[in-house]
Amino acid sequence: EDDFQFILCEGCQQELPNLKLLTCLHTLCLSCLSKNKPIGQCPMCRTAILQAGGIPDMDNLLFTNLQARLKVYKKIIDGVDLFCDNCKKDGEFWCFECEEFLCFKCFQAHQHYLKRESHKNKRVMDIRAGSAKDFLKDTRRTVNLSCSNPTHKSQTVSIYCTKCKKALCCTCALLDSQHAPFCDIRSETQRRQEELATINQDLKQKRSGFEATYTTLQDEAARLEQAQREMRELIRQRVEQLVQLIRWEEEELLGLVETRQEQGRRELARELQRVEGVLRRMEAGERLVEKMSLYATEQEVMDMQPFIKGSLEELQRLELVVAGDQTQPRDFGECRARLQEL
């Protein structure tokens, strides 16, 4: 179960349907998105949710489908209600194409009538002896795309039109001259996977720079806090030596220090939040691309790759802020001068 925690909602960590993929590449359920609607930001990295109503249009098909496939695997492991979908006897086989349990008799008939279809079947006991990853590998079909023509949904799709960017069946490719040039659908899905992997690799190299900046900003924030504490203590020590008549000077000096350090703190906090958000988006991108490569079907790749690619390219365009340009601890020279006068 620990291997598949990534399919849960990143907000509530629940296994829920209708998961949505944000432009920052974090995945949230509809409930978490509704709760977060007044804020209008991703609760994980604080990236603005620009979609109308705060609900993204892109479904995380990969995670939703993995949930469904893992539920079947869990049902097999638990051994509860494993009945043949045809005659309701004990289910001994699972057909990965029909997605049905079969008893031995129905399995023989299934093999006889569908021998030309080459449906992949496996004994339930063999599935139970294997791992969840083995089961998911068997259910990851090589051809499960639908033709873009609604009247050809039952046709086998093996062609991709680079002009209209759609998957086609042979009928559409032969009869419609508008579709050209063509390429093999497997080649296109492989190209898209490789394109995501290339972008992801570039982001991994860029991420180290953001991590270094994040660490520098944290150090700057700590030094700012330390400088503030030291100056407050010095002010208190000096002012306590003065007579009661000049106590008001202490409060004025403390107020000046607070103003200076608060300004620097706000600037650093904003930059820290920005860099932290970018890092979380990069982590989400790396994780999603990795899971796409491991578990995505071609349908999922075709539907989700352009959206993911756009988000990754947006991350590529982000410029790293040079650490030396960040806010330095505020100068307390004016406070020191006034203390000397006292």
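If you're wondering where the values come from, they're calculated on a predicted model, not measured in any experiment. (Residues numbered from 1 in each chain as written. Predicted model: local features only at pLDDT ≥ 70, side-chain atom pairs only at ≥ 80, totals over all residues. Heavy atoms only, no water.)

Caption draft 1: Here's a closer look at the overall build of the protein chain. Along the protein chain, the regular secondary structure elements total 10 helices and 8 strands. Its C-alpha atoms put the protein chain at 105 × 50 × 35 Å along the principal axes. Taken over 342 residues, the protein chain has a buried fraction of 40%. Accessible surface computed for the protein chain: about 19,200 Å², of which carbon and sulfur atoms make up 49%. The positive charge centre, built from 51 side chains, and the negative charge centre, built from 54, are 5 Å apart in the protein chain. (Helix = DSSP H or I, 4+ residues; strand = E, 2+ residues; numbered from the N terminus. Buried < 20%, exposed > 50% of the residue type's maximum accessible area, 1.4 Å probe, protein only. Areas by Shrake-Rupley, 256 points an atom, 1.4 Å probe, with all protein chains shown as cover. Lys, Arg positive; Asp, Glu negative; His and termini not counted. Charge placed at Lys NZ, Arg CZ, Asp CG, Glu CD.)

Caption draft 2: Focus on the pairing of strand β6 (residues 157-161). Counted residue by residue, β6 has 4 buried out of 5 residues, so it is predominantly covered. In terms of strand pairing, β6 meets strand β7 (residues 166-169) through 4 bridges, oriented antiparallel. Paired with C161 across the bridge in β7 is K166. Hairpin connection of β6 to β7: 4 residues between the antiparallel strands, including K165 at a positive phi of 60°. With 3 bridges joining them, β6 and strand β8 (residues 182-184) adopt antiparallel strand pairing. Counterpart to C161 in the pairing with β8 is F182. (Pairing = 2+ DSSP bridges.)

Caption draft 3: Layout of the packing of aromatic side chains. Scanning the entire structure with this criterion turns up 9 aromatic pairs. Each ring, one from F93 and one from F107, has its centre 3.8 Å from the other, and the planes form 5°; the classification is stacked. Highlighted residues: F93 in strand β3 (residues 93-95) and F107 in helix α3 (residues 104-113), separated in sequence by 14 residues. For the residue pair F93 and F107, the accessibility class agrees, reading buried in each case. Geometrically, the ring pair formed by F96 and F135 is tilted, given 5.8 Å between the ring centres and 45° between the ring planes. (Phe/Tyr/Trp six-rings, centres within 6.5 Å; stacked < 30°, edge-to-face > 60°.)

Caption draft 4: Spatial organisation of the environment of S34. Looking at where S34 falls in the secondary structure, it is placed in helix α1 (residues 30-35). Counting along the chain gives 21 residues from S34 to I55, while the straight-line C-alpha distance between them is 7.8 Å.

Caption draft 5: Representation of the domain arrangement of the protein chain in the model. As assigned here, the protein chain comprises domain 1 (1-59) and domain 2 (207-319). Here the C-alpha centroids of domain 1 and domain 2 sit 23 Å apart. Facing the 16 residues of domain 1 at the interface are 17 residues of domain 2. For the domain 1 face of the interface with domain 2, the top three residues by lost area are F6, L25 and R46, together amounting to 39%. In this assembly, domain 1 and domain 2 are joined by 2 salt bridges. For the interface between domain 1 and domain 2, the tally reads 5 residue pairs in polar contact (both at pLDDT 80 or more). Residues that form the side of domain 1 that touches domain 2 fall into these classes: 10 nonpolar, 3 polar and 3 charged. (Domains from an automatic or database assignment. Contact = heavy atoms within 4.5 Å. Buried area = accessible area lost by both parts, 1.4 Å probe. Salt bridge = Lys/Arg side-chain N within 4 Å of Asp/Glu carboxyl O. Polar contact = N/O pair within 3.5 Å; in protein donor to acceptor, adjacent residues only side chain to side chain. Nonpolar A, V, L, I, M, F, W, Y, C, P; charged D, E, K, R; others polar.)

Caption draft 6: How the structure looks around the nonpolar core. Grouped together as the largest cluster of nonpolar side chains are 56 residues, with contacts concentrated most on L62, L288, M292, I308 and L312. If you list the elements that add at least two residues to this core, you get α1, α2 (61-78), α4 (124-129), α5 (132-139), α7 (185-240), α8 (247-295) and α9 (298-317). Shared between two domains, this core holds at least three residues of each, these being domain 1 (1-59) and domain 2 (207-319). For M292, the residues in contact, after removing those within four places along its chain, are L62, R140, Q193, E300, V301, M304 and I308. If you look at the next biggest cluster of nonpolar residues, it comprises 11 residues, including M231, L253, L256 and L339. (Core = buried A, V, L, I, M, F, W, Y, C linked by side-chain atoms within 4.5 Å.)

Caption draft 7: How the structure looks around the pattern of salt bridges. Counted under the stated rule, the structure contains 21 salt bridges. Note that E10 and R287 form a salt bridge whose closest N and O atoms lie 2.9 Å from each other. Of the two residues, E10 is situated in the segment before β1 (20-21) and R287 in helix α8; the sequence distance between them amounts to 277 residues. What makes E10 buried here is its relative accessible area of 15%.

Caption draft 8: View of the sheet that holds β6. With antiparallel pairing, 3 strands are arranged side by side in an open sheet as β7-β6-β8. For this open sheet the edge positions go to β7 and β8, each flanked by a neighbour on one side alone. Direction aside, neighbouring strands of the sheet carry axes that sit 45° apart on average. (Axes fitted to C-alpha atoms, helices over the stretch in contact; angles between N-to-C directions.)

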